[in-house]
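Structure assessment
Chain by chain, the residues run as shown.
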Amino acid sequence: MSTLTSLLDHARPDRPALVVPDDGAVSYGRLRALVDEAASELAAFGVRGGDRVAMAFPNGPEAIVLFLAAAQVATACPLNPAYTEDEFRYYLEDTGARVLLVPPGEGEAARRALGETGTAIEVAIRDGRLTMESAAPRRPASAGVRSGEDVALVLHTSGTTSRPKRVPLRHRNLLASVRNVVASYALTADDVSLCVMPLFHVHGLVASALATFASGGTAVVPRRFTPMAFWPLTRAIHPTWFTASPTPHQLILMRVQEDRPPGTERLRFVRSCSSALSPALMAQMEARFGVPVLEAYGMTEASHQMASNPLPPGRRVPGSVGVATGVEIAILDERGARVRQGGAGEVAIRGESVIAGYENNPQANAASFTDGWFRTGDQGTLDEAGYLRLSGRIKELINRGGEKIAPREIDEVLEAHPSVEQAVAFGVPHATWGEEVHAAVVLREPVSEADLIAHCRRHLAEFKVPRRLHIVDSIPRTPTGKVQRRFVAAELAGG
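The following paragraphs examine the structure supplied in this document. (Residues numbered from 1 in each chain as written. Predicted model: local features only at pLDDT ≥ 70, side-chain atom pairs only at ≥ 80, totals over all residues. Heavy atoms only, no water.)

**A look at the overall build of the protein chain**
When helices and strands are counted, the protein chain shows 13 helices and 26 strands. Rg of the C-alpha trace for the protein chain: 23 Å, near the compact-globule value of 23 Å for 495 residues, within the 12% margin. In terms of overall dimensions, the protein chain has C-alpha extents of about 70 × 50 × 40 Å along its principal axes. Per-residue burial over the protein chain gives 56% buried out of 495 residues. For the protein chain, the proportion of contacts with a sequence separation of at least 24, taken over those separated by at least 6, is 65%. Counting every atom, the protein chain has about 20200 Å² of accessible surface; 49% of that belongs to carbon and sulfur. Each charge class in the protein chain can be summarised by its mean position, and for the 53 positive and 55 negative side chains these summaries are 2 Å apart. (Helix = DSSP H or I, 4+ residues; strand = E, 2+ residues; numbered from the N terminus. Rg over C-alpha atoms; globule rule 2.2 N^0.38 Å. Buried < 20%, exposed > 50% of the residue type's maximum accessible area, 1.4 Å probe, protein only. Contact = heavy atoms within 4.5 Å. Areas by Shrake-Rupley, 256 points an atom, 1.4 Å probe, with all protein chains shown as cover. Lys, Arg positive; Asp, Glu negative; His and termini not counted. Charge placed at Lys NZ, Arg CZ, Asp CG, Glu CD.)

Written out as structure tokens, the structure is:
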């Protein structure tokens, strides 16, 4: 069965696989050679099949080469290089990683967390050349032969309501997801993907990089990406597509005032995933870019993509994450039975890209898997055409006097007001009602709270109307940069 390195064999060796601005292009042949060389070096330091190899790199060729090399001889564990020492210590101990890959002279917090019992290896790729150095002695070991059943990648869930859970992704899971992405967007060798998302998360790694390699296209991976750099970069590389979560999309739009600006001439589509895209933002994006904006639905446990709005002539539905892509989707009730068509319930999935279970976590597995279905924790509905609409995390539903309120509905009403840039509704404790509705709002122009409340009353039932709005400069985020309603409630209302 194939492993991830087979993705590099889908194009002519001389075609550009990877472009690193200010550092040049790397061909498919050279990228494969770098991966093989790094894998041999890891084996020379004693890395074997059962080992976990942690790495703390920003985007760049190292993040891609070392992920593929570590997956070739053992299991890769990419970590956010911005973690604190305590965070690094938790993830290193939780995965059991005793080998840590870091840039030369960097990663001090990660090195301290590793301690003296592990092996830190400095790695750099410049001008297509790999260097690997460590104070540890070399202990050559046989790299062995990996198969599709081996775990290629271990990531963690976001930990919205509990400690992060370990997600073991096998080569076959990731390859299935990559095939789904390529098929969904008809990717070919002519496509150029601009990598906006971090490569230590499944979104950037699978969609931006691995799917591009599977199609024989070119991935452009800046070492340091900022929204301010987006437009100069697009003018230089003329991408055919890119994918991001809604927040980067918003920041990118803020830096251009014209429709179809230079650099967008070759764009085929723009993809949005990882959190809900408001219909208002989708409309703004389509006006600016002049191409379809396709909202998708993904999560780590499914090796990323599970559903997407299709390319034209397929129908894309604002407010929907589209139709199933390579997985089955069902809506289940609390007992695990399917609900009637159009009814609300928990979104469940099954398919080749979906994990069989969390690692060493029987309690989470018992709660998350029912008769072969993985229960996502998201509430949603499926219409007669198979389009999935999400209304929020089940544990984030607001329960006001027994009325269950999907906060996403309130977000969309507020974001439809011309003065509102972004809104996040959440529940706060209330002595009488159990919970009351509040919302955090970022404005694009001045407006009174009373006007916004009146706007909500025109579009929402009275029990859904926020009792208080928190006008903020930016929405509070978790340490990993995500918007989670419980975190917003704790920051703004002490909930």
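**So, the nonpolar core**
Leu4, Leu42, Met55, Phe67, Leu101, Leu210 and Phe213 are the most contacted members of the largest nonpolar core, which totals 88 residues. Per element, the largest residue contribution to this core is ten residues, and it comes from helix H2 (residues 61-73). (Core = buried A, V, L, I, M, F, W, Y, C linked by side-chain atoms within 4.5 Å.)

**Overview of unusual backbone geometry**
Apart from glycine, the bulk of residues carry a negative phi angle, and the bulk of peptide bonds sit in the trans form. The omega torsion of the bond from Pro312 to Pro313 falls at 10°, within 30 degrees of zero and hence cis. Within the fold, Pro313 resides in the loop between strand E15 (304-308) and strand E16 (323-324). In this structure, Arg260 is a non-glycine residue whose phi angle is positive, near 50°. Here Arg260 lies in the loop between helix H8 (246-253) and strand E13 (269-272).

**With respect to the packing of aromatic side chains**
In total, this model carries 15 aromatic pairs according to the counting rule given. Measuring from ring centre to ring centre gives 6.1 Å for Tyr28 and Phe213, while their planes differ by 85°; the resulting arrangement is edge-to-face. You can see Tyr28 sitting in helix H1 (residues 28-44) and its partner Phe213 sitting in helix H6 (residues 202-215), a full 185 residues away along the chain. When its relative accessible area of 1% is taken as the criterion, Tyr28 is described as buried. Taken together, a centroid distance of 5.0 Å and an interplanar angle of 15° make the contact between Tyr83 and Tyr91 stacked. The class for Tyr83 is buried, based on a relative accessible area of 13%. Pairwise contacts between aromatic rings join Phe225, Phe230, Trp231, Phe242 and Phe289 into one cluster. Taking NZ or CZ as reference, Lys165 lies 5.3 Å from the ring centre of Tyr358, over its face. The residue whose ring lies beneath Arg400 is Trp433, and the NZ or CZ to ring-centre distance is 4.2 Å. (Phe/Tyr/Trp six-rings, centres within 6.5 Å; stacked < 30°, edge-to-face > 60°. Lys NZ or Arg CZ within 6 Å of the ring centre and 35° of its normal.)

**Some remarks on the pairing of strand E12 (residues 241-244)**
Residue alternation in E12 divides its side chains into two sets, Trp241 and Thr243 and Phe242 and Ala244, and both sets are buried. The pairing of strand E10 (residues 192-195) with E12 spans three bridges and is classified as parallel. What sits directly across from Cys195, in E12, is Thr243. Bridging between E12 and E13 involves four bridges; their strand directions are parallel. Bridge pairing in E13 links Ala244 to Ser272. (Pairing = 2+ DSSP bridges.)

**Points about the environment of Asp86**
Assignment of secondary structure puts Asp86 in helix H3 (residues 85-95). Overall, the relative accessible area of 58% leaves Asp86 in the exposed class. Between the C-alpha atom of Asp86 and that of Ala113, which follows or precedes it by 27 residues, the distance is 7.0 Å.

**Remarks on helix H13 (residues 485-493)**
Those residues of H13 lying buried are Arg485, Val488 and Ala489. Viewed along the axis of H13, the buried residues span an arc of 100°, placing them on a single side of the element. Elements in contact with the buried residues of H13: helix H11 (407-415), strand E24 (420-430) and strand E25 (434-443). Trailing H13 by a residue or two, Gly494 shows a phi angle of about 65°, which is positive. (Arc of directions from axis to C-beta.)

**Looking at the sheet that holds E13**
Ordered in space as E2-E1-E11-E10-E12-E13-E14-E15-E16, the nine strands form an open sheet in which the pairing is mixed. Each of the sheet's edge strands pairs with one partner strand only, and the pair in question is strand E2 (24-27) and E16. Taken strand by strand, H1 contacts strand E1 (16-20) and E2, and its axis lies near 75° from that of E2. (Axes fitted to C-alpha atoms, helices over the stretch in contact; angles between N-to-C directions.)

**Brief notes about the environment of Gly217**
One can find Gly217 in the loop between H6 and strand E11 (218-220). Taking the C-alpha atoms as reference points, Gly217 and Asp190, 27 residues apart in sequence, are found 5.8 Å from one another. Look past the residues within four positions of Gly217 in its chain and what remains in contact with it is Pro16, Ala17, Tyr28, Thr188, Ala189, Asp191 and Thr212.

**Examining the side chain of Gln379**
Positionally, Gln379 belongs in strand E20 (residues 373-382). Dropping the residues within four chain positions of it, Gln379 is found in contact with Ala344, Gly345, Val347, Arg389, Leu390, Ser391, Gly392, Ile394 and Leu397.

**Brief notes about the pattern of salt bridges**
For the structure on display, the rule yields 34 salt bridges. Its salt-bridge partner being Arg32, residue Asp36 comes within 3.4 Å of it at the nearest N-O pair. Here the residue Asp36 and the residue Arg32 both occupy positions in helix H1, the gap between them amounting to four residues, near one helical turn. A salt bridge links Glu286 to Arg316, with the shortest nitrogen-to-oxygen separation between them at 2.7 Å. One end of the pair, Glu286, is in helix H9 (residues 279-289); the other, Arg316, is in the loop between E15 and E16, with 30 residues separating them in the sequence. The partly exposed category is assigned to Glu286, whose relative accessible area is 22%. Here Arg316 falls in the partly exposed class, since its relative accessible area comes to 27%. (Salt bridge = Lys/Arg side-chain N within 4 Å of Asp/Glu carboxyl O.)

**So, H11**
Most of H11 sits out of view: seven of its nine residues are buried. Of all the residues in H11, the buried ones are Pro407, Arg408, Ile410, Asp411, Val413, Leu414 and Glu415.

**Looking at the state of the cysteines**
Per the stated rule, a full pass over the model turns up zero disulfides. This cysteine, Cys195, is not joined by any disulfide, and Cys273 carries the nearest cysteine sulfur, 14 Å off. (Disulfide = S-S within 2.5 Å.)

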